[in-house]
Amino acid sequence: MSTGANPSHIRELETIVWSNKLDLLRRIVATRRVLYDAVGHFYDDDGWAMASHLAISALMALFPFLIFATTLASFLGADAFAETAVHLVFDTWPEQIAAPIAREVVNVLTVPRTDLLTYGVVLAAYFASNGVEALRTSLNRAYRVVETRSIWYRRTQSLIFVLIATISFVAISVLLVFAPIIARILEAKFDWIQPYMGTITVWRFTVASAVIVFGLFAVHIWLPAGHRRFLSIIPGIIFTLVAWVLGSTIFAAYLDTFSSYVTTYAGLASIMIAVVFLYIVSAIFILGGELNAAISRYLEARARVPG
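The following paragraphs examine the structure supplied in this document. All values derive from a computational prediction rather than experimental measurement.

## Topic: the packing of aromatic side chains
- Per the counting criterion, the structure on display carries 7 aromatic pairs.
- With a centroid separation of 5.1 Å and 85 degrees between ring planes, the pair formed by F42 and W48 is classed as edge-to-face.
- F42 sits in the buried class, given a relative accessible area of 1%.
- Exposure remark for W48: the relative accessible area of 39% places this residue in the partly exposed category.
- The interplanar angle of 20 degrees and the centroid separation of 6.2 Å between the aromatic rings of F251 and Y254 together place this pair among those described as stacked.

## Digging into the packing of helix α9 (residues 234-257) against helix α11 (residues 269-304)
- Closest axis-to-axis distance for the α9/α11 pair is 8 Å, and the angle between their directions is 155 degrees. What the angle tells us is that α9 and α11 run roughly antiparallel. Seen along the crossing, α9 lies across α11 with a hand that is right-handed. Contact with α9, carried on its side by I234, P235, G236, F239, T240, A243, W244, S248, F251 and L255, involves I273, V276, F277, I280, V281, I284, F285, L287, G288, L291, N292 and I295 of α11 and no other residues of that element.
- Classifying every residue of the contact of α9 with α11 by side-chain character gives 17 nonpolar, 5 polar and no charged.

## Comments concerning the pattern of salt bridges
- In this structure the tally under the stated criterion is 5 salt bridges.
- The partner of D37 in a salt bridge is R144, with the nearest N and O atoms 3.4 Å apart. Of this pair, D37 sits in helix α1 (residues 7-44) while R144 sits in the loop between α5 (119-142) and α6 (151-189), and the two are 107 residues apart along the sequence.
- Here R144 falls in the partly exposed class, since its relative accessible area comes to 25%.
- Close ionic contact of E147 with R149 constitutes a salt bridge, the shortest N to O distance being 2.6 Å.
- A single salt-bridge network, built from bridges that share partners, covers D37, R144, E290 and R297.

Procedures and definitions
- Residues numbered from 1 in each chain as written.
- Predicted model: local features only at pLDDT ≥ 70, side-chain atom pairs only at ≥ 80, totals over all residues.
- Heavy atoms only, no water.
- Phe/Tyr/Trp six-rings, centres within 6.5 Å; stacked < 30°, edge-to-face > 60°.
- Buried < 20%, exposed > 50% of the residue type's maximum accessible area, 1.4 Å probe, protein only.
- Axes fitted to C-alpha atoms, helices over the stretch in contact; angles between N-to-C directions.
- Helix = DSSP H or I, 4+ residues; strand = E, 2+ residues; numbered from the N terminus.
- Parallel < 35°, antiparallel > 145°, perpendicular 65-115°, else oblique.
- Left-handed = near helix turned anticlockwise from the far one by under 90°.
- Contact = heavy atoms within 4.5 Å.
- Nonpolar A, V, L, I, M, F, W, Y, C, P; charged D, E, K, R; others polar.
- Salt bridge = Lys/Arg side-chain N within 4 Å of Asp/Glu carboxyl O.

Read these as layout, nothing more, since geometry by itself doesn't imply function.
Structure, rendered in structure tokens:
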């Protein structure tokens, strides 16, 4: 009775091994092409300059947006909006960056305002919408599309984005104010739910993270020209979120260990730190769009290859 290996089985194993190796090689080549396309276009299309533009626009839009939102919230009776809005915006920032900015934001937002329908708040909404326009311009470049919609359509859409974001922030802030009360009622009635309630800090961070995720989907789908499928934007959003966490962690560690911003810029240190942080986040955001565009271009090229 023969105990030797069956030649046909050996050939099948060799075929499987070679097939797996070829599949791995194809994936490596595809990944290399996509990354080369994304990073190459980012550099060729002045990605760093666009990141700078987006960072400054975001910083300039932040205060007008929060002032407009706070005024609207006060008009609607949500007087505790300022504190919760600051948490929604800054809870996902590293503490070293967020803390000094958040204090100043609270100081600005707690100034009494009753001018909801005056030119000042209307201008605040307009300046806040400039941040949305900066996002649009960055994504149009990243997705390699030409804007054909009228300026009136784009500006109206930007203002609607600001209004929706404001109303969402107001609604969430109200929920967060009442969250501890709701939690205590639920815990009193249902003992088994207590281990799952967590702390209000955890819920704030969760809500703030959800706001970022939904915001990323919204701006990638509706702001740039053209149409994109829902699944086609997921890779760039995942990249943005992961790179945001890594970049924030590394920058925070740098501030703790090596930074000399305070000695260099004195009272302007917090602003300079915020600008650099937003610059990093903006570059990551644009690269997320570049990655989506590069993947789509690769898949379209593969689809044109016969067989």
